[in-house]
Amino acid sequence: MGNWVVNHWFSVLFLAVWLGLNVFLFVDAFLKYETADRYYYTRKILGSTLACARASALCLNFNSMLILLPVCRSLLSFLRGTCSFCSRTLRKQLDHNLTFHKLVAYMICLHTAIHIIAHLFNFDRYSRSRQATDGSLVSILSSLSHDETKGGSWLNPIQFRNMTVEYVTFTSIAGLTGVIMTIALILMVTSATEFIRRSYFEVFWYTHHLFIFYILGLGIHGIGGIVRGQTEESINEGHPHKCAEYFEMWDDHDCRCRRPEFEGQPPESWKWILAPVILYICERILRFYRSQQKVVITKVVMHPSKVLELQMNKRGFSMEVGQYIFVNCPSISPLEWHPFTLTSAPEEDFFSIHIRAAGDWTENLIRAFEQQYSPIPRIEVDGPFGTANEDVFQYEVAVLVGAGIGVTPFASILKSIWYKFQCADHNLKTKKVGHAALNFDKATDILTGLKQKTSFGRPMWDNEFSTIATSHPKSVVGVFLCGPQTLAKSLRKCCHRYSSLDPRKVQFYFNKENF
């Protein structure tokens, strides 16, 4: 536990601040709407569910502001470059961008559920109060005229006794946008599950772009102003705590309390999401411009096990080890972009990727390049983007673990190390590489073509880590993985188990590639 805290204290602090802000915003907004004078009459109809709905709405705005930032890949790559001289703990936080993106999405789902449930109670109470004919304060408030031309100032969005909640939901701006946003959110979350992303990537890719409808709906959701409060002028003319007792005399000219007037709260969601949306649009424009630059395919190699190697050139392309690119083939799908790790070294005069058949898109791409008498398909490239593997040269000892096609990022690293040793690069901190596990069943290595492989089968990780810790008692060891989550859990536990609480002794830092 101590090692875990030492290695993850900044992540824990960051998550604690984020959760604390969510709690603070919810409680603060709840108390505001539960005690504000301008919502005194609204609470007479709705009760505490008004405060629940508004508090969850504020938290939705806050998390919707954050949801786009972790997927601004160009921004993250820029920050990774500018943080190259920062401490390892701070730099590693950029590797958790997708994890934070998922956590924010879960928080949005939680507050969406609270918001919807609260408004279901609100509309039920609106409906029942509109049906009331007992002459109570609630029935009087609900019967206020909707005709603004006649000086009306309504509080209840249900105008007539025979008007249904469903009618109000699908004919009001707030109700219709709420339904659209909810459907979009459900489709995005369900299609982002591990099984869908791995087996039906196209479904995930297309449905995730429904975030456009979510963002647009959020921006205009509050325009209708369904939740209304008393105007400041009306409060000054007659304070609701006093005038509520004389509601039967509001129309009496001798009464000091006038009929209250209400107004909707101006929309505020757009203020929260405006800056992130502008930043994301700039990001997409940059990536579109970058993707339109011509890519020249210089070499195509078909390896065993249905693995396609593409060597390419592109003007102005500059890469670091461990980075990845997004690839699009317009002849297969003009909208689908798939991430692939670069397998070439920065020192080479080309950049390359290895593509394994793992779905419809990759199978179609490999089939297109296998056709001998057809023209080579046009490829578009966006990137490169940074990953945790960029930090491999910051460690004196590096342990590289790859499973299946996950060995591809380490091909780039191993090639670059070879080039650096050939050039006697004195800036290279790495003195020893541990393992590069190539788990293939072929006679030759899929990347190098050599018969000799580094390792077969699954190593005994406790023995490996124990040996490394003994051999390098005062070193900082970087453990890099490109592979399945189950393997990541094992390696992460070993990193924590064999790291010393004494910072002067051996420390293991776990790094996993995330797209």
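The shown structure was predicted, so the numbers you read here are calculated from the model rather than taken from an experiment.

**A closer look at the sheet that holds strand β7 (residues 351–356)**
1) Next: With antiparallel pairing, the 3 strands of this open sheet are ordered in space as β3-β4-β7. Looking at which strands have only one partner, the edges of the open sheet turn out to be β3 (295–303) and β7. Adjacent strand axes in the sheet meet at a mean angle of 20 degrees when their direction is disregarded.
2) Next: Relative to strand β4 (residues 307–314), β3 runs antiparallel, the two being bridged by 8 bridges. Across the sheet, the residue bridging to Ile-297 is Met-312, located in β4.

**Regarding the UniProt feature "transmembrane region" (unreviewed entry) in the protein chain**
1) Next: Under the feature "transmembrane region" (unreviewed entry), the UniProt entry names residues 12–33, 45–69, 103–121, 167–189 and 209–227.
2) Next: With 80% helix and 0% strand, residues 45–69 has its two end C-alpha atoms placed 39 Å apart.
3) Next: With 53% helix and 0% strand, residues 209–227 has its two end C-alpha atoms placed 30 Å apart.

**Focus: the confidence of the model for the protein chain**
1) Next: Within the protein chain, residue pLDDT values average 81, and 86% of them lie at 70 or more.
2) Next: Confidence over residues 436–441 falls short of pLDDT 50; this stretch has 24 contacts with residues more than four positions distant or in other chains.

**What to know about a negative patch on the surface**
1) Next: On the surface, Asp-37, Glu-232, Glu-233, Glu-237 and Glu-261 cluster together to form a negatively charged patch.
2) Next: Of the residues examined, Glu-237 reaches a relative accessible area of 55% and is grouped as exposed.

**Here we look at the pattern of salt bridges**
1) Next: The tally for this structure, following the rule as stated, stands at 8 salt bridges.
2) Next: The salt bridge partner of Asp-382 is Arg-287, with a shortest N-O separation of 2.5 Å. Separated by 95 residues along the polypeptide, Asp-382 in strand β8 (residues 380–385) and Arg-287 in helix α15 (residues 269–291) bring together distant segments of the chain. Per residue, the accessibility class of Asp-382 equals that of Arg-287, and both read buried.
3) Next: Salt-bridge contacts for Arg-497 lead to Asp-462; the nearest nitrogen and oxygen are separated by 2.7 Å. Here Asp-462 lies in helix α18 (residues 461–471) and Arg-497 lies in helix α19 (residues 485–498), a separation of 35 residues in the sequence.
4) Next: Salt bridges here are not isolated pairs; linked through shared partners, they connect Glu-283, Arg-287, Arg-290 and Asp-382.

**Let's talk about the packing of aromatic side chains**
1) Next: Counting across every chain of the model gives 20 aromatic pairs.
2) Next: Ring centres of Tyr-324 and Phe-385 lie 5.7 Å apart, and the angle between their planes is 40 degrees; on these two criteria the pair is classed as tilted. With Tyr-324 in strand β5 (residues 324–328) and Phe-385 in strand β8, this residue pair connects regions lying 61 residues apart in the sequence. Comparing Tyr-324 with Phe-385, the two get one shared label, buried.
3) Next: Within the aromatic cluster, the residues linked to one another by ring pairs are Phe-14, Trp-18 and Phe-100.
4) Next: Above the plane of the ring of Trp-154 lies Arg-228, whose end atom (NZ or CZ) is 4.0 Å from the centre.

**Some points on a nonpolar patch on the surface**
1) Next: Together, Phe-170, Leu-176, Ile-180, Ile-212, Phe-213 and Leu-216 line one region of the surface with nonpolar side chains, adding up to about 580 Å² of accessible area.
2) Next: Listed by contribution, the elements that provide at least two residues to the nonpolar patch are α9 (173–191) and α12 (211–220).
3) Next: Of the residues forming the nonpolar patch, the biggest block, 3 residues, is contributed by α12.
4) Next: Residue position: Leu-216 is located in helix α12.

**Some words on the packing of helix α3 (residues 49–66) against α15**
1) Next: Contact geometry for α3 and α15: axes closest at 8 Å, N-to-C directions at 10 degrees. Relative to α15, α3 is oriented roughly parallel. Contacts from Leu-58, Asn-61, Phe-62, Ser-64 and Met-65 in α3 reach Ser-269, Trp-272, Ile-273 and Pro-276 in α15.
2) Next: In terms of residue class, the contact of α3 with α15 is built from 6 nonpolar, 3 polar and no charged.

**A few points about the packing of α9 against α12**
1) Next: Two elements in contact, α9 and α12, have axes separated by 9 Å at closest approach and are oriented at 150 degrees. The angle between α9 and α12 falls in the class roughly antiparallel. In terms of crossing hand, the pair formed by α9 and α12 is left-handed. In this structure, α9 contributes Ile-173, Thr-177, Ile-180, Met-181 and Met-188 to the contact, and α12 contributes Phe-211, Phe-213, Tyr-214, Gly-217, Leu-218 and Ile-220.
2) Next: Residue composition of the contact of α9 with α12, by class: 9 nonpolar, 2 polar and no charged.

**Re the environment of Phe-247**
1) Next: Within the fold, Phe-247 resides in the loop between α14 (240–243) and β2 (262–264).
2) Next: Counting along the chain gives 110 residues from Phe-247 to Leu-137, while the straight-line C-alpha distance between them is 6.5 Å.

**Examining the sheet that holds β5**
1) Next: The antiparallel open sheet is built from 3 strands, whose spatial order is β6-β5-β8. Of all strands in the sheet, those with a lone pairing partner are β6 (338–341) and β8, marking the two edges. Going from strand to strand, the sheet's axes swing by 30 degrees on average, the running direction of each strand aside.
2) Next: Two elements, β5 and β6, share 4 bridges in a ladder whose sense is antiparallel. Residue Val-327 lies in a different strand from β6, and its bridge partner there is His-338.

Rules behind the numbers
- Residues numbered from 1 in each chain as written.
- Predicted model: local features only at pLDDT ≥ 70, side-chain atom pairs only at ≥ 80, totals over all residues.
- Heavy atoms only, no water.
- Pairing = 2+ DSSP bridges.
- Helix = DSSP H or I, 4+ residues; strand = E, 2+ residues; numbered from the N terminus.
- Axes fitted to C-alpha atoms, helices over the stretch in contact; angles between N-to-C directions.
- UniProt positions renumbered as here; feature names shortened; annotations may be inferred.
- pLDDT = per-residue confidence, 0-100.
- Contact = heavy atoms within 4.5 Å.
- Patch = residues over 30% accessible without salt bridge, like charges linked within 9 Å, V, L, I, M, F, W, Y side chains within 5 Å.
- Areas by Shrake-Rupley, 256 points an atom, 1.4 Å probe, with all protein chains shown as cover.
- Salt bridge = Lys/Arg side-chain N within 4 Å of Asp/Glu carboxyl O.
- Lys, Arg positive; Asp, Glu negative; His and termini not counted.
- Charge placed at Lys NZ, Arg CZ, Asp CG, Glu CD.
- Buried < 20%, exposed > 50% of the residue type's maximum accessible area, 1.4 Å probe, protein only.
- Phe/Tyr/Trp six-rings, centres within 6.5 Å; stacked < 30°, edge-to-face > 60°.
- Lys NZ or Arg CZ within 6 Å of the ring centre and 35° of its normal.
- Parallel < 35°, antiparallel > 145°, perpendicular 65-115°, else oblique.
- Nonpolar A, V, L, I, M, F, W, Y, C, P; charged D, E, K, R; others polar.
- Left-handed = near helix turned anticlockwise from the far one by under 90°.

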